[in-house]
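The primary structure of each chain is shown beneath.
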Amino acid sequence: EPQVLRTFSVARLALEIRECLAARRRLLKTQLRPDEMLLTVNQFPLLGAGTYVDDQGPPNGPLLRSQILSDSCLNPAPQFALEIQGIYDRRGLVPHTGVPAFRDTHTQWPFVDHGLSDDPGSAPAQLSCGENGRDSACSMADATPVPPAAAAAAATTTESDSQAPPTSAPQKGPSAPPPSRSAAADPPPNKNCVLLDSPLFGIGSGGVLRITMCAADLDEARILHDQLAPISAIMAALTAATPIVKGYLTDRDCYWDVQCGAVDDRTAQERGIAPLTTAKGILRKSRYGTIDTYTGPAVSTADLAFRKQYNDCQFTYDKDSYWKMKEDVGIDQLLALHVSRLFVRDIHYAPERLLSKAGRKDKNPHRSDGQEHFKRFVGCSRQNVCLLPPNTATGSGWEIGFMSLEVQLTDAENAAFITFIVLLSRVILSYRLNLYLPISLMDQNMARAQKVNAVRDQLFYFRRDVFGGRDGKSNGSGRISRRGNSGGSRHATSQPANNASQLEKAEYVELTIDEILNGSKTYGVTGIMNIIYSYIPTMHLEYEVEQALRRQLLLVRRRASGKLCTLAMWMRNFVRSHPEYRHDSVV
Amino acid sequence: MTRRRLAITEKVPTTPRKVVVYTDNLMTSNGVRNATAQESDKELEYALGDTLNTALVISTSYRFDPELNMLEILDPHNPRNHIEVKGLTDYQVSVKLFILPAAVDVNRRPSPLYVKQALTCIRKQLGAVTIEELFVSFADVSAGRDSATAPEAAAAATATSPGAAVLTNGSAGSLPLHPQEPDQLPTRRNRSRDDRRGHKARGLGRRRPGEAGDGEVPGNGDGGNDDFEANDMSRYLKIWRLLSHLKAEGHVTRIGICDATKQQLENLHWLSGVMPDMVQIRVDDSQLSVDDESAAGEADGPSDARAGDGDASRELREYALAHKISVRSHSDAPKMLTNANFQTLAADYRINERFPTTEVPPEGYRIDLMRPRWVANYNVALRNRGLVANRGYIVMASSDCVLDPNRVSRFAYPS
């Protein structure tokens, strides 16, 4: 029973979160020099461009092995160096990521990134065909995955010209045939991309706004895990804040794909380039990515909202642990899948006490009971929603980490989004909302959410009827079904007039974020904000608390409706209207 | 009548038919999607319709108690919603009781019997719980906040009340008064008869010294008197005393009142000696969705949707702060369940047919249409987790025996 459960109150959430964030900021500022500023951004925009840190040394250092970053920007704490070394060891070469560049009026087009040297001989690592940071093969519907057989027949040139057909040569793979990329992306990889060649772009610098919520027990944690996953794409679009990478304006507003691609430690076999010999299987996603499988509601709740068809993404899992969990321990299938999916990855480092054996009284009297070990494993693969196991040592329970929010510049905005997510989790639990989306659609949402100004321009798949479906039917309510027209149609509040009957039957519709959050009559969508607004009075808050809460939600609502632009748009406008900007996408 | 009578029985007038309807748990029911809690009257109607449909039409799961002549329509989906306190978190029950215009006793004052009845029904639904917060909302007080037209209660009133009433805005009024019966001074006796029409409409009268008014109504000097009448909470005293008894005995932890102005609160305190623990003020939809207001709207909150109202609410909030009254907000409609709506529902689901046809009204009376007497909105929340587990409505309606001019006794004079 986690202790934190007894101390939560929505009043404190509304009033104190902002203060708490401001206190952190003040604390950090005490350590800064007078000419230093504290910016809470996802990634420093100029990291990798020109001079970006004090005492910047030369690139190609032994630790990072990066052509654009020098070792001096690596945090001297050992775990970062170990992690990066581990990624390099496992993958065999430095992972490359490409972010499509933004085409402005005077941008040199086709865009060639001059940061990386073109000489194939001197470069320790070839340019691997970038995945454009996109790590899932089941993302865009228009992406045609090139079958490996056909790609192998393509010319295996070693030029690093960005216009060449995508090829890559592994640095340390002695017997592997010349590989070729198996997934084309949109735009074609490495074409007009800003190239990043270090895991430091993903971890160790910058980050995300991560919200960890404590659930009462595993059942609740599973519900939250599943229902928050479809929301993650929407939140990424709402909080988009990273249009500038490595000193260039990019064609993406979010940092999610870059982070996922930068820490990609899959070997060539796992990426599908080399034939499978020692690896467990093809891994379609990097270890940071979107979830592969829903955990589904607990079997005891008899909640039929979840259907097997939602888990339509192929993924590899560790069969030994799966069967052990399922047969020996009796864990239900979905949870066993979810956990055994973790075991195809490797952790890169661990403190010695975790690895020590039991009974060594001199060094380590406490044997690791596996909890921290497992937590490290969970931390290895970071998804948009993480299910974190409890830890009896620290007294925490089952937790859900929500990872896809981008950090905003001001405390008020961060506090508003935190409040929104926490309120949303309360609403999901109280109303038992059903937001299930097939995983493939969720991945498509995530890909769309990162495009420029996705808040206003993009359509997202969303479940039309979030209250229904608990009885297994797509539009049912989980209750005694109504007979004919008795009762339901007699009332003033009848269902909104849907002209097309297929709108009523459609389980998923493509909506703009405004429609998702603020509701839409044409599709019969109760907006998420409306549900939250109807939930607030039932919490019986004090007047001032409620007003503060509503003011925070107002920010989210205005972002969704377009009245306020996202941070990414603000940055773009700032850059493009700056007198020194020469409209060539160089910042 | 002694107090030992069953709580679910009324004194006078004799009410041959009673109906109590319990709605489903609105957190998990189908009705949530069609109405939000912001439009609580619509939500209530929808929930009522849903329950009546399920209980009367689809599956006929109601109970008729012939002794009390009461039709009890329990929650068809969760027959017993008793709270079992699990070890992890504490449930807190809040109840808001809407005393509708029809819930009056013979003196035309809101009757505390209905409050007891409501609490019994709540206990039936939820088990023997301590109610954490009990709000009581009087229809006259709430409805009188806006400049509304004549209340439907008065319109559908028995044939005994003469005249029509025009409600005016009690505070800083904009409409002048229409004197009803200028020859009647509002003494204590007469006031009780006129209460039924809504205490806002009054004739000429004396001004009570020392009672602060909101301001002068332009024109006639009735403004001061009107404020006096508006602020007079003496008709709610009985219920208020009952609430304070409940609080003293421990059944209810905190009591509150809805839509009261500062003057009304002062008056209540002066009359009864008990200060409410909470007061609920109404926050309009226009104040809630200040989406198109300028940034000033965001900073000031609700205070610029209606300037007059904003001042009043700020005044109230300061008063509450000074007296340690907790201020809550609600957006319930002023008229929660009108007689007409309920009668439409009753007709739709043919409630009256469930009663036995053998009942005979007393001599010279007829059975009137059913009127809803009170609506209770209960809310079971897990405060320290921010979740709401259970939320629903209970409605009680009954019909009066009224004088029937058509049924003349055969012992009357031959015409």
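Each value, and the rule that gives it
- Residues numbered from 1 in each chain as written.
- Chains lettered and ligands numbered in written order.
- Predicted model: local features only at pLDDT ≥ 70, side-chain atom pairs only at ≥ 80, totals over all residues.
- Heavy atoms only, no water.
- Salt bridge = Lys/Arg side-chain N within 4 Å of Asp/Glu carboxyl O.
- Helix = DSSP H or I, 4+ residues; strand = E, 2+ residues; numbered from the N terminus.
- Buried < 20%, exposed > 50% of the residue type's maximum accessible area, 1.4 Å probe, protein only.
- Phe/Tyr/Trp six-rings, centres within 6.5 Å; stacked < 30°, edge-to-face > 60°.
- Lys NZ or Arg CZ within 6 Å of the ring centre and 35° of its normal.
- pLDDT = per-residue confidence, 0-100.
- Contact = heavy atoms within 4.5 Å.
- Core = buried A, V, L, I, M, F, W, Y, C linked by side-chain atoms within 4.5 Å.
- Pairing = 2+ DSSP bridges.
- Axes fitted to C-alpha atoms, helices over the stretch in contact; angles between N-to-C directions.

## Observations concerning the pattern of salt bridges
All names here are of chain A. Per the counting criterion, the structure on display carries 33 salt bridges over all chains. Here Lys 280 makes a salt bridge to Asp 318, at a shortest N to O gap of 3.7 Å. Note that Lys 280 is positioned in the loop between helix H6 (268–271) and helix H7 (319–329) and Asp 318 in the loop between H6 and H7, a separation of 38 residues in sequence. Classification of Asp 318 as buried rests on a relative accessible area of 13%.

## With respect to the packing of aromatic side chains
All names here are of chain A. Taken as a whole, this structure holds 15 aromatic pairs over all chains when the rule is applied. Note on Tyr 294 and Tyr 436: the rings are 5.0 Å apart at their centroids and 90 degrees apart in plane angle, and the pair reads as edge-to-face. Highlighted residues: Tyr 294 in the loop between H6 and H7 and Tyr 436 in the loop between helix H11 (411–431) and helix H12 (439–449), separated in sequence by 142 residues. Comparing Tyr 294 with Tyr 436, the two get one shared label, buried. Ring pairing ties together the aromatic residues Tyr 294, Phe 306, Tyr 310 and Tyr 436, which thus form one cluster. The ring of Tyr 88 carries the charged tip of Arg 65 above its face, separated from the ring centre by 3.8 Å.

## As for the confidence of the model for chain A
Keep in mind that low pLDDT regions are not for reading the predicted coordinates in detail. Scored by pLDDT, chain A comes out at a mean of 76, with 77% of its residues at no less than 70. This stretch, residues 117–188 of chain A, has a pLDDT under 50; its non-local contacts, to residues over four places away or in other chains, come to 124 contacts.

## Here we look at the nonpolar core
Of all hydrophobic cores here, the largest spans 99 residues; its most connected members are Tyr 294, Phe 420 and Ile 528 of chain A. In contact with Phe 420 of chain A, not counting residues within four places along its chain, are Met 235, Leu 517, Ile 528, Met 529, Ile 532, Leu 553 and Val 556 of chain A. If you look at the next biggest cluster of nonpolar residues, it comprises 52 residues, including Cys 121, Val 141, Tyr 236 and Ile 257 of chain B.

## Observations concerning the sheet that holds strand E3 (residues 209–214) of chain A
All names here are of chain A. One open sheet accounts for 3 strands, arranged E3-E7-E6; its pairing is antiparallel. Both edges of this open sheet fall to E3 and strand E6 (385–388), since each of them pairs with a single strand only. Here the strands of the sheet are splayed against their neighbours by 20 degrees on average, with no regard to which way each runs.

## A few points about the environment of Asn 414 of chain A
Residue and element names in this part refer to chain A. Looking at the secondary structure, you find Asn 414 in helix H11. Taking the relative accessible area as the measure of exposure, Asn 414 reaches 4% and is therefore buried. Taking the C-alpha atoms as reference points, Asn 414 and Thr 40, 374 residues apart in sequence, are found 9.9 Å from one another.

## Concerning the pairing of strand E5 (residues 131–138) of chain B
Residue and element names in this part refer to chain B. Of all the 8 residues making up E5, 8 are buried; the element is thus mostly covered by neighbouring parts of the structure. Both strand E4 (residues 91–99) and E5 contribute to a ladder of 7 bridges, which runs parallel. In the strand pairing of E5, Phe 98 is matched with Ser 137. One ladder, built from 5 bridges, connects E5 with strand E6 (residues 252–258); its direction is parallel. Across the sheet, the residue bridging to Glu 133 is Arg 254, located in E6.

## Some remarks on unusual backbone geometry
Most of the time, phi is negative for any residue but glycine, and the peptide bond is trans. Residue and element names in this part refer to chain A. Residue Trp 109 is joined to Pro 110 through a cis peptide bond whose omega torsion reads 0 degrees. At Lys 246, a position not held by glycine, the phi torsion is positive, near 55 degrees. Looking at the secondary structure, you find Lys 246 in the loop between strand E4 (244–245) and strand E5 (248–249).

## A closer look at H12 of chain A
Burial within H12 of chain A is extensive, with 11 of its 11 residues counted as buried. Residues of H12 of chain A that are buried sit in contact with helix H4 (218–238), helix H5 (256–262), strand E7 (399–405), helix H13 (454–457), strand E8 (460–463) and strand E9 (508–511) of chain A.

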